[in-house]
Amino acid sequence: MYKIALCDNNINYMQHLESKIKSYCQERGIPIYLQSFTDSDIVMDHIEEKNMFDIYILELDMPCYSGIEITKKIR
């Protein structure tokens, strides 16, 4: 099972992308656990607590932490 983190402060876009990811994976029999975040601060908390995901889909320009800053923390 792949753990996917999706983070975007635009709720409508995030819900659209979440739906597309779930549909794609379901059609292909790919088991996933998808967790969506509207707050980059919460994603950073998960990383600091070592609660890591296999895949991160991050918006670049967000309040608190940008997608670039989160990526640097993951590395």
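Residues numbered from 1 in each chain as written. Predicted model: local features only at pLDDT ≥ 70, side-chain atom pairs only at ≥ 80, totals over all residues. Heavy atoms only, no water.

Re the overall build of the chain
Put simply, the test is: Starting at the N terminus, helices and strands are each numbered in turn, a helix being any DSSP run of H or I of at least four residues and a strand any DSSP run of E of at least two. A radius of gyration in this sense is built from C-alpha atoms; the matching globule rule multiplies 2.2 Å by the number of residues raised to 0.38. Pairs of residues are marked as contacts when any of their non-hydrogen atoms sit within 4.5 Å. Note on areas: Shrake-Rupley with a 1.4 Å probe; residue coverage comes only from the protein chains shown. The positive count covers Lys and Arg only, the negative count covers Asp and Glu only, and His and the chain ends enter neither. Think of each charge as sitting on NZ of Lys, CZ of Arg, CG of Asp or CD of Glu.
Check the secondary structure of the chain and you find three helices and three strands. Each helix and strand of the chain, placed in order from N terminus to C terminus, yields the pattern β-α-β-α-β-α. Its C-alpha radius of gyration of 12 Å places the chain within 12% of the 11 Å reference for a compact globule of 75 residues. Taking the principal axes of the C-alpha coordinates as reference, the chain spans close to 35 × 25 × 15 Å. Residue pairs in contact within the chain that sit at least 24 positions apart in sequence constitute 63% of those at least 6 positions apart. Of the roughly 5100 Å² of accessible surface on the chain, 49% is carried by carbon and sulfur atoms. Charge centroids of the chain, computed over 8 positive and 12 negative side chains, lie 8 Å from each other.

Thoughts on the pattern of salt bridges
Just so we agree on the cut-off: Here a salt bridge means any side-chain nitrogen of Lys or Arg lying within 4 Å of a carboxyl oxygen belonging to Asp or Glu. The cut-offs for exposure are 20% and 50% of the maximum accessible area for each residue type, with area from a 1.4 Å probe on protein chains only; residues under the lower value are buried, those over the upper are exposed, and the others partly exposed.
Within this structure, the stated rule accounts for one salt bridge. Residues glutamate 27 and arginine 28 are paired through a salt bridge, measuring 3.3 Å at the closest nitrogen-oxygen approach. Residue classification places arginine 28 among the partly exposed positions, given a relative accessible area of 46%.

Description of the nonpolar core
Selection rule: Each nonpolar core is a collection of buried residues, namely Ala, Val, Leu, Ile, Met, Phe, Trp, Tyr and Cys, held together in the definition by side-chain atoms within 4.5 Å.
Counting residues in each nonpolar core, the largest one holds 11 residues, listed as Ala5, Cys7, Phe37, Val43, Met44, Ile47, Phe53, Tyr56, Leu58, Met62 and Ile70. Secondary-structure elements contributing two or more residues to this core are strand S1 (2-7), helix H2 (40-48) and strand S3 (55-58). It is H2 that contributes the most residues to this core, three residues altogether. Discounting residues that sit within four places of it in the chain, methionine 44 has contacts with Tyr65, Glu69, Ile70 and Lys73.

So, the pairing of strand S2 (residues 32-37)
Keep this limit in mind: Strands pair, by our definition, only if DSSP identifies at least two bridges between them.
In this sheet, S2 lies alongside S1 in parallel orientation, the contact comprising six bridges. Of the residues in S2, the one forming a bridge with isoleucine 4 is leucine 34.

Some details on the packing of aromatic side chains
Put simply, the rule reads: Ring pairs are drawn from Phe, Tyr and Trp, using the six-membered ring of Trp, whenever the two centres fall within 6.5 Å, and their geometry is named by plane angle: stacked under 30 degrees, edge-to-face over 60, tilted for the rest.
Overall, the coordinates contain two aromatic pairs when judged by the stated rule. A centroid spacing of 6.1 Å and a plane angle of 85 degrees characterise the contact between phenylalanine 37 and phenylalanine 53, whose relative ring orientation is edge-to-face. Of this pair, phenylalanine 37 sits in strand S2 while phenylalanine 53 sits in the loop between H2 and S3; the two residues are 16 residues apart in sequence, bridging distant segments of the chain. Phenylalanine 37 gets classed as buried once you look at its relative accessible area, which sits at 4%.

By themselves, these observations are geometric and do not establish any function.
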